[in-house]
Amino acid sequence: MLCQICKKKEATIMITQVIGGEKTELHLCKDCATLFGDKFSIISFPQFNLDDLLSGLLKAFDLYSQEEGRMTAGEIKCSNCGLTYQDFMQTGKLGCSICYQDFRGQLLPLLRRLHGNSEHIGKVPLQAKNKLDKINQIKRLRQELQEVVIKEDYERAAQIRDEILKLEGVTKKKDAK
Amino acid sequence: MPSNNSKFWLKNLARSSAEWINGCGPLSEVVVSSRIRLARNIEAIPFPHWAKEEDLKNIYEVMQQLAQENIIFRKFKLLLLNNFTPLELQFLVEKHLISLYQANGKHPYRGCLYNQEETACIMINEEDHLRIQYILSGLQLKKIWGSINQIDNEIGKTVNYAFSEKEGYLTSCPTNVGTGMRASVMLHLPALVRLNRLNEILKAIAKIGYVVRGFYGEGTEVMGNLFQISNQITLGLSEEEIIDNLEKVSRQIIEQEEKARRDLLKDFKNYLEDQIWRAYGILSQARIISSVEAMELLSKLRLGVELKIVSQINLELINRIMLMLQPAYLQILAQKNLNASERDIQRAKLIREKINPMNN
Ligand SMILES: [Zn+2]
Ligand SMILES: [Zn+2]
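Just so it is clear, the model here is predicted, and its values are computed rather than measured. (Residues numbered from 1 in each chain as written. Chains lettered and ligands numbered in written order. Predicted model: local features only at pLDDT ≥ 70, side-chain atom pairs only at ≥ 80, totals over all residues. Heavy atoms only, no water.)

1. Quick look at the overall build of chain A
Along chain A, the regular secondary structure elements total 7 helices and 2 strands. Order of helices (α) and strands (β) in chain A, N terminus to C terminus: β-β-α-α-α-α-α-α-α. Across the 177 residues in chain A, those meeting the buried criterion constitute 41%. Within chain A, contacts between residues at least 6 apart in sequence are counted, and of these 37% link residues at least 24 apart. On chain A, roughly 10,200 Å² of surface is accessible, and the fraction owed to carbon and sulfur atoms is 53%. (Helix = DSSP H or I, 4+ residues; strand = E, 2+ residues; numbered from the N terminus. Buried < 20%, exposed > 50% of the residue type's maximum accessible area, 1.4 Å probe, protein only. Contact = heavy atoms within 4.5 Å. Areas by Shrake-Rupley, 256 points an atom, 1.4 Å probe, with all protein chains shown as cover.)

2. Structural notes on the pattern of salt bridges
All names here are of chain B. Scanning the model with the defined rule gives 24 salt bridges over all chains in all. Here Lys142 makes a salt bridge to Glu247, at a shortest N to O gap of 3.9 Å. One end of the pair, Lys142, is in helix α5 (residues 141-158); the other, Glu247, is in helix α8 (residues 239-285), and 105 residues separate them in sequence. Judged by its relative accessible area of 11%, Glu247 falls in the buried class. (Salt bridge = Lys/Arg side-chain N within 4 Å of Asp/Glu carboxyl O.)

3. Looking at the nonpolar core
Nonpolar side chains in soluble globular proteins tend to end up buried together. All names here are of chain B. Ile36, Leu92, Ile122, Ile155 and Ile229 are the most contacted members of the largest nonpolar core, which has 118 residues in total. Counting residues per element, this core draws most heavily on α8, at 13 residues. The residue makeup of this core includes at least three contributed by each of domain 1 (4-258) and domain 2 (259-359). Not counting residues up to four positions away in its chain, the partners in contact with Ile229 are Ala183, Ser184, Val185, Leu187, Leu202, Ile205, Tyr210, Val211, Val212, Leu246 and Ile253. (Core = buried A, V, L, I, M, F, W, Y, C linked by side-chain atoms within 4.5 Å. Domains from an automatic or database assignment.)

4. Comments concerning helix α2 (residues 53-69) of chain B
For α2(B), built from 17 residues, the straight-helix expectation of 24 Å at 1.5 Å per residue is met to within 8% by its first-to-last C-alpha distance of 24 Å. The complete set of buried residues in α2(B) reads B:Asp55, B:Leu56, B:Ile59, B:Tyr60, B:Met63, B:Gln64, B:Leu66 and B:Ala67. (Expected span 1.5 Å × (residues − 1).)

5. A closer look at the coordination of the zinc ion (ligand 2)
Residue and element names in this part refer to chain A. On the protein side, the zinc ion (ligand 2) has Cys78 (SG), Cys81 (SG), Cys96 (SG) and Cys99 (SG) as donor atoms, found 2.3 to 2.4 Å from it. Its 4 donor atoms give the zinc ion (ligand 2) angles of 102 to 123° at the centre, a pattern that matches the tetrahedral case. All donors to the zinc ion (ligand 2) come from one chain, and their sequence spacing reads C-x2-C-x14-C-x2-C. Taken together, the positions of Cys81 in the loop between α2 (53-66) and α3 (85-91) and Cys96 in the loop between α3 and α4 (99-102) put the pair 15 residues apart, joining distant regions of the chain. In this structure Cys96 comes out as buried when scored by relative accessible area, which is 0%. (Donors = N, O, S within 2.8 Å, 3.2 Å for Na, K, Ca; no water. Tetrahedral: all angles 85-135°; square planar, octahedral: opposite > 155°, others 65-115°.)

6. Some remarks on the packing of helix α3 (residues 86-94) of chain B against helix α11 (residues 327-334) of chain B
Residues and elements named next belong to chain B. Where α3 contacts α11, the two axes come as close as 8 Å, and the packing angle between them is 115°. Helix-helix and strand crossings are classified by hand; for α3 and α11 the assignment is left-handed. The residues of α11 that touch α3, namely those facing Leu87, Glu88, Gln90, Phe91 and Glu94, are Pro327, Ala328, Tyr329, Gln331 and Ile332. Residues belonging to the contact of α3 with α11 are distributed by class as follows: 6 nonpolar, 2 polar and 2 charged. (Axes fitted to C-alpha atoms, helices over the stretch in contact; angles between N-to-C directions. Left-handed = near helix turned anticlockwise from the far one by under 90°. Nonpolar A, V, L, I, M, F, W, Y, C, P; charged D, E, K, R; others polar.)

7. Things to note about the domain arrangement of chain B
Residues and elements named next belong to chain B. According to the domain assignment, chain B consists of domain 1 (4-258) and domain 2 (259-359). Domain 1 and domain 2 are separated by 26 Å when their C-alpha centres are compared. If you look at the interface, domain 1 gives 36 residues, while domain 2 gives 30 residues. Between domain 1 and domain 2, a total of about 2,900 Å² is buried, with carbon and sulfur atoms accounting for 63% of that surface. Linking domain 1 to domain 2 there are 2 salt bridges. As a salt-bridge pair, Glu257 and Arg261 come within 2.7 Å of each other at their nearest N and O atoms. (Buried area = accessible area lost by both parts, 1.4 Å probe.)

8. Some remarks on the sheet that holds strand β8 (residues 181-188) of chain B
Residues and elements named next belong to chain B. Pairing is antiparallel in the open sheet, where 8 strands are placed in the order β2-β3-β4-β5-β1-β8-β10-β9. Each edge of the open sheet carries a strand with a single partner, namely β2 (77-80) and β9 (210-213). The sheet shows a mean angle of 20° between the axes of neighbouring strands, direction not considered. Judged from the 4 bridges that link them, β9 and strand β10 (residues 226-231) form a sheet pairing that is antiparallel. Across the sheet, Val211 pairs through a bridge with Ser230, a residue of β10. Where helix α9 (residues 291-306) meets the sheet, it contacts β1 (31-40), β8 and β10, and its direction lies at approximately 80° from that of β8. (Pairing = 2+ DSSP bridges.)

9. Considering the packing of aromatic side chains
Going through the model one piece at a time under the given rule, you end up with 8 aromatic pairs over all chains. Centroid distance A:Tyr85 to A:Phe88: 5.5 Å. Interplanar angle 55°. Geometry classified as tilted. One end of the pair is A:Tyr85 and the other is A:Phe88, both in helix α3 and 3 residues apart, which spans about a single turn. A:Phe88 shares its class with A:Tyr85; the two are buried. When the centroid spacing of 6.1 Å and the interplanar angle of 45° are considered together, the rings of B:Tyr60 and B:Tyr109 count as tilted. Remark: B:Tyr109 occurs in the loop between α4 (100-104) and β3 (111-114) and B:Tyr60 occurs in helix α2; sequence separation between them is 49 residues. (Phe/Tyr/Trp six-rings, centres within 6.5 Å; stacked < 30°, edge-to-face > 60°.)

10. Re helix α7 (residues 198-207) of chain B
Residue and element names in this part refer to chain B. Of the residues making up α7, those classed as buried are Leu198, Ile201, Leu202, Ile205 and Ala206. Across the axial projection of α7, the buried residues extend over an arc of 135°, all falling on one side. More than 90 degrees from the buried face of α7, the exposed residues found are Glu200 and Lys207. Lining the buried residues of α7 we find α6 (190-194), β9, β10 and α8. Two residues or fewer after α7 comes Gly209, characterised by a positive phi angle close to 90°. (Arc of directions from axis to C-beta.)

11. Quick look at the confidence of the model for chain A
Residue and element names in this part refer to chain A. Residue-level pLDDT values for chain A average 69, and 58% of them are 70 or greater. This stretch, residues 17-22, has a pLDDT under 50; its non-local contacts, to residues over four places away or in other chains, come to 16 contacts. Every residue in residues 36-56 is under pLDDT 50, and counting partners more than four places away or in other chains gives 68 contacts. (pLDDT = per-residue confidence, 0-100.)

12. A short note on the packing of α8(B) against α9(B)
All names here are of chain B. Their axes nearest at 9 Å, the elements α8 and α9 cross at an angle of 125°. Considering their axes alone, α8 and α9 lie oblique with respect to each other. Considering how the two elements wind past one another, α8 and α9 form a crossing that is left-handed. Contacts between α8 and α9 involve Arg261, Leu272, Gln275, Ile276, Ala279, Tyr280, Ile282 and Leu283 from the former and Glu293, Ala294, Leu297, Leu298, Lys300, Leu301, Leu303, Gly304 and Glu306 from the latter. Here the contact of α8 with α9 is composed, by residue class, of 11 nonpolar, 2 polar and 4 charged. (Parallel < 35°, antiparallel > 145°, perpendicular 65-115°, else oblique.)

As structure tokens, then:
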């Protein structure tokens, strides 16, 4: 029997879990069992093994591979870190924060399955967000500055320069604290 | 920061103890400790399993600088785990300062930044770039959230967290995305186990999205009737909701455990007292004891203390013994490698010395 996660290697380990009184058996290869065993907790007494995350994830993977039209999704690569969706399917781990953008279409159904939701409503990192906004704003202003200088609009250039200085000043003051 | 002094701090750690050991928190008759951990990553830098060495170094150094310069972190100690032995790493896992995942990790620049009280620690280059953890004794999730939130904000002033409006804090594994928060409580439930009432309760809480685990967290066995209950869902709920829900669930289980204890006392008082005092007897006299047997007996003794049947011992002592009897902790204390049977002898000796300080 082939491993139910990677579907490549021979399954040598069976995990029994009882979810809502229903017994499920999972046949996994040694590699997948170590990988997911650590992640999803195999508690040695079966009555208490309530972690249905793994089966949720498996269902999502199954669903995914059944959809013929999506078979090429495995080839998608993250533009920032180079991880492929195939890599993610094998390890269960993403490569970087940009993967969430680049694999968005594939990840959404998985997130819904794992969490019952796909939208964050909790804490927002204010400081970092402000800072990031500011950096982007400075970048935009620098570009505009180059453009207006080429157009010899020095009045506007002076305005932009002051704006940049102001923004940079604020960032620096914050850093110094 | 003394990353080269890491080994020195390690020795200190064998003698020091974390706040949660004191056993003085609210509802400590049933709740051993509460814990929250936040998974955090830095924008665009590959997650540790996929990162290059220089990325990992970069992250380690950002935290090192923070520890030197930031007033909040100035009293924290920083351990660089690179040249720690497997035994030393296992010891840190047993102290709850690093995770099993981090101990088993192969990549360089794994680190641990912890405070003097050992309530807060920041695991560096774990599964995520940062895992912030805060532990207190008893049921104190709200207080923990207040403290950990502040630490998180402070780090957020220095680094750009990987965050998207839709998916929240972005994590290496999609099971943690959103709040990146895992909140958990460690409950001592001997009466529910004894009366076979726990199965039903655990089935019910699993249906509403909670996970039950053993003493060391993910992937571990339950020992000594200690159950760790934590939230599974991290996306689509606010931090406050996650904490509120877990606290409600915990209070219900605590109520059930207390009822079960009253029932035990009503119907089997003599039997219960006999079991507790026998446990005390064996622990104070045994010459060879395995960790499984010791944890079982300590659970009975703990129940005796919680029910005020045993008064010469307190919860702090039981917590301390429970920590020290673990394999790596024993060997760090003995300052030599011990095989399994040597450990069983050493463990019995340590327990005797702690339980009967007069005779030693
Ligand atoms: Zn496999
Ligand atoms: Zn990526």
